[in-house]
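Residues per chain are reported as follows:
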Amino acid sequence: MQISKDMLIGALVQMDDCVAPILMRAGMHCLGCPASQAESLEEACMVHGIDCDVLVGQLNEILADK
């Protein structure tokens, strides 16, 4: 499974149990908010001041090791 920055937060957190804690550690503490579920990873990163390319790389690296 490969993550891209255009994927929706709702789909990402359902993808694997490790995704939500990674996003929360990155600063996305609003994962339970209904509005965040329809936001893309790139949009969420912009709102939170997170480098999306770095986060996508980290997520893909962690998921590749599973």
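Structural data are supplied above this passage.
If you're wondering where the values come from, they're calculated on a predicted model, not measured in any experiment.

Asker: Help me get a handle on the pattern of salt bridges, residues and values and all.
Answerer: Proximity of charged atoms lets side chains of opposite charge pair with each other. What the rule picks out here adds up to two salt bridges. A salt bridge links Lys-5 to Asp-53, with the nearest nitrogen and oxygen atoms 3.0 Å apart. Residue Lys-5 is located in the segment before α1 (9-15), and its partner Asp-53 is located in helix α5 (residues 52-64); the two are separated by 48 residues in the primary sequence. Using a relative accessible area of 31% as the deciding quantity, one classes Lys-5 as partly exposed. Take Asp-53: its relative accessible area is 52%, and that puts it in the exposed class.

Asker: Could you give an account of the nonpolar core, naming the residues involved and the relevant values?
Answerer: Counting 19 residues, the largest nonpolar core has Ile-9, Leu-23, Met-28, Leu-41, Leu-55 and Leu-59 as its most contacted members. Breaking this core down by element, the ones donating at least two residues are α1, α2 (19-26), α4 (41-48) and α5. Not counting the four nearest positions on each side in its chain, Met-28 is found in contact with Ile-9, Leu-23, Leu-41, Ala-44, Cys-45, His-48, Ile-50 and Leu-55.

Calculation rules
Residues numbered from 1 in each chain as written. Predicted model: local features only at pLDDT ≥ 70, side-chain atom pairs only at ≥ 80, totals over all residues. Heavy atoms only, no water. Salt bridge = Lys/Arg side-chain N within 4 Å of Asp/Glu carboxyl O. Helix = DSSP H or I, 4+ residues; strand = E, 2+ residues; numbered from the N terminus. Buried < 20%, exposed > 50% of the residue type's maximum accessible area, 1.4 Å probe, protein only. Core = buried A, V, L, I, M, F, W, Y, C linked by side-chain atoms within 4.5 Å. Contact = heavy atoms within 4.5 Å.

Read these as geometric descriptors, not functional statements.
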